[in-house]
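Observations on the three-dimensional arrangement
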Amino acid sequence: MIENTVMLLIIVPLLFSLLFIALPKSLYKYLAWAFFIIGIALSVSLVLGGTGVVPVEGPNFAMYENIVLVLEVLVILYILAVSAKYKNWPTLGLGIISAALFAYTYANVPGAESASFNIDQLSQLMILIVNIVGTAIILFATGYMDQYEEHRHLNRQRTFYFTMSFFLAAMNGLVMSDTLGWLYLFWELTTLCSFVLISYNMDEEGINNGFRALSLNLVGGVAMSIGIILLATKYDINSLTGIATYAGTDAVALAALALPVALLCIGGFAKSAQMPFHSWLLGAMVAPTPVSALLHSSTMVNAGVLLIVKLVPAFANTSLGTAIAVYGSFTFVICSALALSQRNAKRVLAYSTIANLGLIIASAGIGTPLAVAASMMLILFHAISKGLLFLCTGEIEHTIGSRDIEDMSGLIKKAPLLTSIAALGMISMLLPPFGVLLTKWVSMEAASNNPVVIIFIVLGSALTTVYYSKWLGTILSSSMDKNAVPHKKLETYFPLSVLALSIIGTSIFIFSIYNYFVGPQVEILLGNVPNITGPVGQFTSEIGAFDYAAVFVVLALAILIYLATKNTTTRKVNFYMCGENNLEKDGLMFRNGVCDYEKCSVSNIYLQNIFGESKLTTFGYAISIILIVIALAGGVGL
């Protein structure tokens, strides 16, 4: 049963990718609905089928291994060809290095006799994320892409849906693969898909950002490839479970694996867009919104943190783990500060994604059972909330013609349902009992023994509250424009509703999710299960308790006050702007201190002079590179 489901999770998305190529655009909505339903059914079936290892041996292995080799060659040839075509020499150089490493591996690394898919609880959790959130995003796209292409005079939806579906097939293979060679193939396929999707508009900006994503992920791929070669040639290790088994032998074995494990982690850092690799994810926002949602929430970036979490047994309670924790928490705080300075909504979400992935990596680096549990839960809750927010931002842009947060003032009057769903997504990142905040609290508890990490996490969490709160206040603010925009297609609002309900459902059943998926996986990785319970109104761990019932009391009072006062008599007064008002010309004009007329404008505070990209990016690059070097230095015993 489980063997068939594993294969179907790879084959079915590939089949749909071919159907999107072969069938006319008029059938895309029906294909997307079918993909959504089948994707959910297959992912739930895998969970119900239980855990286990699916071996690939004998004639089947020989056939699949040949397919893997052919695909690896095709990936390298495509990278070389497209880099030469567009004369992108850095990417071409990285492609040549990748080709050389592939040739070295083929000639010098002993061939394997079998491969395996490891269906553990973390793989099951990731399969649910990829196949529910991912297919919901594709369904949303059927109500989005027509208007998007009409505005940009494009006709490339066959390429779009083919690549999106192929992407999900590659991600399914990646999260289930235990064999490092097969994992690396799926890893590179997701990199290739991201290049195609980010370059979708085929303009100079899109192509440049596509190559940026390709080149930075190739840097991570090269590091990962070297790590795999070292593991195979020096320690005869060719699987993720093999790394954990070898590392658990003794302290000498654990120290010996530090360098190849650090190289694998660098691959994860690049895939998860951590500093200094983060610019590829920022550039990805030029692509259609469903691409941003897919790359930033449910697929591409989660591959990196998934790998790092599965490598925890090889660096827990070591200097490498400490370096990873500091590195991740630094990315969390620096990118949270950068998000605070942005008024482009997609850019805010991009920096927020990088920051929260940094928090996941920091929790994994801490390496205690409690911290690793927090990292796994945050992967789930962040994927759902961020996927929803990206899709809402795309629909808001179609509704008001802008993704500038300042243009979203009064959105609650223009699009009340869309605004309510977006507000839920933002609140889920800020308040209990939603999972993101509760898992952040667990991460803080787990980091309490490391002053640097805990300070970074606290500061990053505070900054997160600020930038989401001001965005939330803007869309919920009142305005003179009360012309509501009619709700659009079912294909648009159904996926938004599914993700919104998923936020509520996962938060309600957070302890069931923990007991079924997270606790058993932490025991597999570290041999110990942290005690996390949830009495009514309280979240309790082995370190302490968080009483969130008081938050609900305050929220209830705020709602009651609003309902009691919203229909009270209001009066209109003129603006006073600390100068002589020119009421005859324009009620918003006033004479300033040097006797010139200015027009009053009101906006949120973005603190560009303190947290702007020009102020923090170079600093972030320098510190993050130093931290990566420290991790590698620890890996070679310096």
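The structure under discussion appears in the preceding block.
The present account deals with the structure reproduced in this document.

Now for the pattern of salt bridges. A complete count under the given rule lists four salt bridges for this structure. The partner of aspartate 404 in a salt bridge is arginine 343, with the nearest N and O atoms 3.0 Å apart. Taken together, the residues aspartate 404 in the loop between helix H18 (369-400) and helix H19 (411-414) and arginine 343 in the loop between helix H16 (319-340) and helix H17 (345-366) connect sequence positions 61 residues apart. Taking the shortest distance from any N to any O, the salt bridge between glutamate 397 and arginine 403 comes out at 3.3 Å.

Counted by the stated rule, this structure contains 24 aromatic pairs. Aromatic pair phenylalanine 160 and tyrosine 161: ring centres 4.9 Å apart, planes at 90 degrees, arrangement edge-to-face. Arranged with centres 5.4 Å apart and planes meeting at 55 degrees, the rings of tyrosine 235 and tyrosine 246 form a pair that is tilted. On the criterion of sequence distance, the pair formed by tyrosine 235 in helix H9 (residues 204-235) and tyrosine 246 in helix H10 (residues 240-247) is long-range, its members being eleven residues apart.

A few words now on the side chain of glutamine 121. Topologically, glutamine 121 is positioned in helix H5 (residues 121-142). In contact with glutamine 121, not counting residues within four places along its chain, are Thr51, Tyr516, Phe517, Pro520, Gln521 and Ile524.

Of all the five residues making up strand S2 (residues 115-119), five are buried; the element is thus mostly covered by neighbouring parts of the structure. Side chains Ala115, Phe117 and Ile119 project from S2 onto one buried face, and the interleaved Ser116 and Asn118 project onto a second face that is buried too. Here five bridges tie strand S1 (residues 52-56) to S2, and the two strands are oriented antiparallel to one another. When the bridges of S2 are listed, proline 55 appears paired with serine 116.

Positionally, serine 17 belongs in helix H1 (residues 2-22). For serine 17, a relative accessible area of 1% puts it in the buried group. Each C-alpha atom, one on serine 17 and one on arginine 158, is 8.9 Å from the other, the two residues being 141 residues apart in sequence. In contact with serine 17, other than residues within four places in its own chain, are Phe162, Ser165 and Phe166.

Below, the discussion takes up helix H15 (residues 300-310). Counting buried positions along H15 gives eleven out of eleven residues, so the element sits mostly inside the fold. All of the buried residues in H15 are Met300, Val301, Asn302, Ala303, Gly304, Val305, Leu306, Leu307, Ile308, Val309 and Lys310.

One finds Met176, Ile243, Phe269, Trp280 and Trp471 to be the most contacted residues of the largest nonpolar core, which totals 213 residues. With 19 residues, the top contributor of residues to this core is H18. Those residues in contact with tryptophan 471 that lie beyond four places of it in its chain are Ala345, Val348, Leu349, Thr393, Ile405, Met408 and Met426.

Our next topic: the packing of H18 against helix H23 (residues 490-508). Relative to each other, H18 and H23 sit at 150 degrees, their axes nearing to 10 Å. The pairing of H18 with H23 is recorded here as roughly antiparallel in orientation. The hand of the H18/H23 crossing is left-handed. On the side of H18, the interface is formed by Leu380, Phe381, Ile384, Ser385, Gly387, Leu388, Leu391, Cys392 and Glu395, while H23 contributes Thr492, Tyr493, Leu496, Leu499, Ala500, Ser502, Ile503, Thr506 and Ser507.

Moving on to the packing of helix H7 (residues 157-176) against helix H8 (residues 180-198). Here H7 crosses H8 at 155 degrees, and the two axes come no closer than 9 Å. It follows that H7 is roughly antiparallel to H8 by the angle criterion. For the pair H7 and H8, the crossing hand works out as left-handed. Facing Thr159, Phe160, Thr163, Met164, Phe166, Phe167, Ala170, Met171, Gly173 and Leu174 of H7, the residues of H8 in contact are Leu183, Phe186, Trp187, Leu189, Thr190, Cys193, Ser194, Val196 and Leu197. Its residues assigned to classes, the contact of H7 with H8 shows 14 nonpolar, five polar and no charged.

Position of serine 375 relative to the elements: it lies in helix H18. The contact partners of serine 375, leaving out residues within four places of it in the chain, are Val309, Ile360, Ser363 and Ala364.

On the surface, Val553, Leu557, Ile559, Leu560, Ile561, Tyr562 and Leu563 cluster together into a nonpolar patch covering about 730 Å² of accessible area. Along the polypeptide, isoleucine 561 turns up in helix H25 (residues 549-565).

The rules behind each value
Residues numbered from 1 in each chain as written. Predicted model: local features only at pLDDT ≥ 70, side-chain atom pairs only at ≥ 80, totals over all residues. Heavy atoms only, no water. Salt bridge = Lys/Arg side-chain N within 4 Å of Asp/Glu carboxyl O. Helix = DSSP H or I, 4+ residues; strand = E, 2+ residues; numbered from the N terminus. Phe/Tyr/Trp six-rings, centres within 6.5 Å; stacked < 30°, edge-to-face > 60°. Contact = heavy atoms within 4.5 Å. Buried < 20%, exposed > 50% of the residue type's maximum accessible area, 1.4 Å probe, protein only. Pairing = 2+ DSSP bridges. Core = buried A, V, L, I, M, F, W, Y, C linked by side-chain atoms within 4.5 Å. Axes fitted to C-alpha atoms, helices over the stretch in contact; angles between N-to-C directions. Parallel < 35°, antiparallel > 145°, perpendicular 65-115°, else oblique. Left-handed = near helix turned anticlockwise from the far one by under 90°. Nonpolar A, V, L, I, M, F, W, Y, C, P; charged D, E, K, R; others polar. Patch = residues over 30% accessible without salt bridge, like charges linked within 9 Å, V, L, I, M, F, W, Y side chains within 5 Å. Areas by Shrake-Rupley, 256 points an atom, 1.4 Å probe, with all protein chains shown as cover.

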